[in-house]
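If you want the building blocks of each chain, they are given just below.
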There are 2 protein chains.
Amino acid sequence: MKEPLRITVTGAAGQIGYAMLFRIASGEMLGVDQPVTLQLLEIPQAMNALDGVVMELQDCAFPLLQRVVSTSRPEEAFSGADFVLLVGARPRGPGMERKDLLEANGAIFTGQGKAINDHASKNVRVLVVGNPANTNCLITLQNARDLQPEQFSSMTILDHNRAVAQLAGKTGVHVDAVHDLAVWGNHSSTMFPELLSAKVGSTPALELVDFEWYRDKFIPAVQQRGAEIIRARGSSSAASAANAAIQHMRLWSLGTTTVTSMGTVSCGEYDITEGIVYSFPVTCRAGKIDIDTSRKLDDFCVERLRLTEKELLEERDAIKHLL
Amino acid sequence: MKEPLRITVTGAAGQIGYAMLFRIASGEMLGVDQPVTLQLLEIPQAMNALDGVVMELQDCAFPLLQRVVSTSRPEEAFSGADFVLLVGARPRGPGMERKDLLEANGAIFTGQGKAINDHASKNVRVLVVGNPANTNCLITLQNARDLQPEQFSSMTILDHNRAVAQLAGKTGVHVDAVHDLAVWGNHSSTMFPELLSAKVGSTPALELVDFEWYRDKFIPAVQQRGAEIIRARGSSSAASAANAAIQHMRLWSLGTTTVTSMGTVSCGEYDITEGIVYSFPVTCRAGKIDIDTSRKLDDFCVERLRLTEKELLEERDAIKHLL
């Protein structure tokens with residue numbers, strides 16, 4: 001039997017955590033031959049709820065689950081962690097401006113970056129799910145000075161999957177037939193789900209849908225999908241977000257067979273400002289995220305890439321005292 | 001690629017449904033090579049929420065998920081179903097007596113039994129999760145006149161897992177080391193988690209724990225675990241119940257490697273009244289549930305078996321006009 005790997009989840013008693021932990025413990029993230037230890041972090045006020053979640057994890061008698069640690073101390077939660085999923089974040093409260101939100105989360109992710117730096121495995125991989133995810137990821141990696149920026153990523157696979165589903169629905173195919181789509185930039189309403197390189201089967205997507213649908217229906221539908229689900233369900237999209245986080249970690253760890261989308265630190269690819277965390281088309285191999293640098297972009301794409309980059313630069317400016 | 005199998009889930013927008021559907025769609029129930037179609041039933045008032053769940057399922061771009069049907073019409077939900085998970089049930093409301101609860105659910109499961117009989121696959125397997133699960137299962141199978149009683153089962157694997165976890169915790173072993181435990185009778189506070197045959201590693205459990213702990217701590221802890229989780233989480237144990245339902249169907253369909261516990265119609269095994277749905281120690285092979293009839297029981301066990309049987313007979317009497 002393999003040695004257990006340690007997986008830290010923050011905000012573990014929240015809705016996304018609840019939708020995620022049982023799937024991680026059953027082997028969906030790292031494979032059904034990989035024992036895991038779960039290290040769950042919550043704020044002190046949520047420790048009671050977290051106790052209930054831990055009881056339920058016990059009550060599943062998962063063969064792969066070796067141990068569950070629940071704590072409100074970051075140094076304990078991140079201790080020796082091989083994988084970290086930063087799910088917990090401060091949601092936007094009434095009357096809170098975007099800047100206030102960035103600031104409130106900045107404080108959380110500054111502390112978590114330092115704690116990961118000091119306590120996690122030197123080979124840790126960190127996924128930021130909590131919003132604003134790209135900038136929270138930037139703060140985290142900047143505060144983990146002994147680790148490499150490549151060890152940090154932010155989640156856009158949910159947006160990627162949403163885009164795949166929209167295109168599959170429009171063209172009447174199974175999601176499996178959609179390839180080479182990508183979501184660029186910030187996980188926000190400026191994100192750019194790009195179809196120029198996308199294929200449906202072996203046919204370029206833009207030969208199957210018209211440009212107006214792409215620009216005026218598809219892109220806004222993907223950008224606003226989260227709000228649409230809240231309207232229907234009455235609560236936010238926890239299970240699909242949890243699913244995306246599990247998929248992100250699985251692909252990062254075990255490798256991709258096709259292009260997907262992940263937020264990763266820019267080294268100037270596609271002229272995106274170096275050092276910001278930006279979603280690119282990527283593949284993963286041997287535990288590394290590789291940006292697909294082979295894409296041809298037209299003027300429409302470039303304009304959209306710039307727009308979402310601009311928002312990320314503004315976010316960076318707003319929290320630059322934390323970097 | 002295999003032909004898709006049709007899986008019906010009732011109460012699909014509820015908490016257990018929400019914790020279950022994404023795992024079914026990812027292949028955790030029937031295997032990662034088995035495409036599935038989900039047929040989701042809800043009451044009309046919950047169709048909006050169910051729409052949100054369907055959107056989220058789409059947004060996972062699951063390779064195995066071929067189609068999702070959402071409906072409030074039982075005949076559509078059960079159409080051609082290979083597996084049915086009856087999760088939706090009327091919860092006990094303020095001032096409701098046990099008899100009222102049985103009656104309210106009786107009406108639901110009478111209708112669903114008839115609809116399954118008329119519309120599902122002739123080889124359908126039906127798991128009842130919604131409480132009171134054993135008696136709801138009895139009503140369902142009695143109203144599905146063209147199907148065999150063996151095609152219906154009620155869920156006690158959650159209780160089984162809870163018992164395994166308690167014994168593993170007490171004896172300081174991993175849950176994997178616990179074998180041959182069984183939960184008998186009704187899924188209620190009379191259920192009997194039995195340790196007489198249970199082993200920890202190769203040692204009989206009752207050589208490792210004393211009888212007072214077994215009778216006065218272990219049995220009540222398993223019986224009241226649901227309430228304990230509600231106290232901690234502030235809501236009921238949805239994810240562990242969903243996990244148990246998935247496990248029940250997987251074992252039923254793909255086979256067991258060790259003894260587990262399931263509610264199944266009694267043919268007089270262990271002198272339990274013929275025809276009631278009672279939880280026994282079971283194994284599964286080739287899609288069939290086989291009651292383990294080899295157990296030796298002592299007077300303590302027999303007394304407990306009778307007690308929970310008595311409750312099931314009272315429940316049957318309360319709804320006998322529906323059979």
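Up top is the structure these notes are about.
Residues numbered from 1 in each chain as written. Chains lettered and ligands numbered in written order. Predicted model: local features only at pLDDT ≥ 70, side-chain atom pairs only at ≥ 80, totals over all residues. Heavy atoms only, no water.

(A) Seen up close, the sheet that holds strand 7 (residues 178-179) of chain B. All names here are of chain B. With respect to topology, three strands assemble into an open sheet ordered 7-10-11, the strand pairing being antiparallel. Each end of this open sheet is capped by a strand with a single partner; those strands are strand 7 and strand 11 (203-204). Where strand 7 meets strand 10 (residues 199-200), two bridges bridge the pair, whose relative direction is antiparallel. Note that in strand 10 the partner of Val 178 across the bridge is Val 200. (Pairing = 2+ DSSP bridges. Helix = DSSP H or I, 4+ residues; strand = E, 2+ residues; numbered from the N terminus.)

(B) Highlighting the relation of the copies chain B and chain A. Mapping chain B onto chain A leaves a residual RMSD of 0.0 Å; the transformation is a rotation of 180° accompanied by 0.0 Å of translation along its axis. Look at the turn and shift together and you get a two-fold axis relating the two. Within chain B, the C-alpha atom positioned nearest to the axis of rotation is that of Ala 19 of chain B, 3.3 Å from it. When you check the interface residues of chain B against chain A, 100% turn up at the interface there too, and the contact is symmetric in its surfaces. (Least-squares fit on C-alpha atoms with pLDDT ≥ 70 in both. Contact = heavy atoms within 4.5 Å.)

(C) The arrangement of unusual backbone geometry in detail. All names here are of chain A. Pro 132 follows Asn 131 through a cis peptide bond whose omega is -5°. Residue placement: Pro 132 occurs in the loop between strand 5 (125-128) and helix 5 (133-142). Look at Ala 61: it is not a glycine, yet its phi comes out positive at around 50°. With phi around 50°, Tyr 270 is a residue other than glycine that occupies positive phi space. On the secondary structure map, Tyr 270 appears in the loop between strand 12 (260-265) and strand 13 (277-285). Taking relative accessible area as the criterion, Tyr 270 reaches 18% and is therefore assigned buried. (Buried < 20%, exposed > 50% of the residue type's maximum accessible area, 1.4 Å probe, protein only.)

(D) Examining the pairing of strand 4 (residues 83-86) of chain B more closely. Residues and elements named next belong to chain B. Burial of the side chains of strand 4 extends over both faces: Phe 83 and Leu 85 are buried on one face and Val 84 and Leu 86 on the other. Alignment of strand 4 against strand 5 (residues 125-128), held across four bridges, turns out to be parallel. Among the inter-strand pairings, Leu 85 is bridged to a residue of strand 5, identified as Leu 127. Read as a crossover between parallel neighbours, the route from strand 4 over helix 4 (residues 98-119) to strand 5 is right-handed. (Right-handed = clockwise from strand over helix to strand, strands pointing away.)

(E) Representation of the packing of helix 1 (residues 15-25) of chain B against helix 2 (residues 47-58) of chain B. All names here are of chain B. Interhelical geometry of helix 1 versus helix 2 gives an angle of 30° and a closest axis separation of 11 Å. Compared by their axis directions, helix 1 and helix 2 come out roughly parallel. The two elements helix 1 and helix 2 cross, and the hand of that crossing is right-handed. Of the residues in helix 2, those in contact with Tyr 18, Leu 21, Phe 22 and Ala 25 of helix 1 are Val 53, Glu 56 and Leu 57. Here the residues of the contact of helix 1 with helix 2 are counted per class, giving six nonpolar, no polar and one charged. (Axes fitted to C-alpha atoms, helices over the stretch in contact; angles between N-to-C directions. Parallel < 35°, antiparallel > 145°, perpendicular 65-115°, else oblique. Left-handed = near helix turned anticlockwise from the far one by under 90°. Nonpolar A, V, L, I, M, F, W, Y, C, P; charged D, E, K, R; others polar.)

(F) Main features of the environment of Glu 103 of chain B. Residue and element names in this part refer to chain B. Inspection of the secondary structure assignment puts Glu 103 in helix 4. With 216 residues separating them in the primary sequence, Glu 103 and Ile 319 have C-alpha atoms 6.6 Å apart. Excluding residues that lie within four positions of it along the chain, Glu 103 makes contacts with Ala 318, Ile 319 and His 321.

(G) Up close: the sheet that holds strand 11 (residues 203-204) of chain A. All names here are of chain A. Spatial ordering of the open sheet is given by 7-10-11, a layout of three strands whose pairing is antiparallel. The sheet terminates laterally at strand 7 (178-179) and strand 11, the two strands that pair on one side only. Two elements, strand 10 (residues 199-200) and strand 11, share two bridges in a ladder whose sense is antiparallel. When the sheet's bridge partners are listed, Lys 199 is paired in strand 11 with Pro 204.

(H) Structural view of the interface of chain B and chain A. Contacts between the two partners involve 40 residues from chain B and, on the opposite side, 40 residues from chain A. Overall, the association of chain B and chain A removes approximately 3200 Å² of surface from exposure, summing both partners, and the carbon and sulfur fraction of that is 55%. On inspection of chain B and its partner chain A, the count reaches six salt bridges. The salt bridge involving Arg 162 of chain B is made with Asp 59 of chain A; its shortest N-O contact spans 3.5 Å. In this assembly, chain B and chain A are joined by 23 residue pairs in polar contact (both at pLDDT 80 or more). Mapped by element, the contributors of at least two residues to the side of chain B that touches chain A are helix 1, helix 2, strand 3 (65-71), helix 6 (157-171), helix 8 (225-233) and helix 9 (238-254) of chain B. No other element matches helix 2 of chain B, which puts eight residues into the side of chain B that touches chain A. For the side of chain B that touches chain A, a count of residues per class yields 18 nonpolar, eleven polar and eleven charged. (Buried area = accessible area lost by both parts, 1.4 Å probe. Salt bridge = Lys/Arg side-chain N within 4 Å of Asp/Glu carboxyl O. Polar contact = N/O pair within 3.5 Å; in protein donor to acceptor, adjacent residues only side chain to side chain.)

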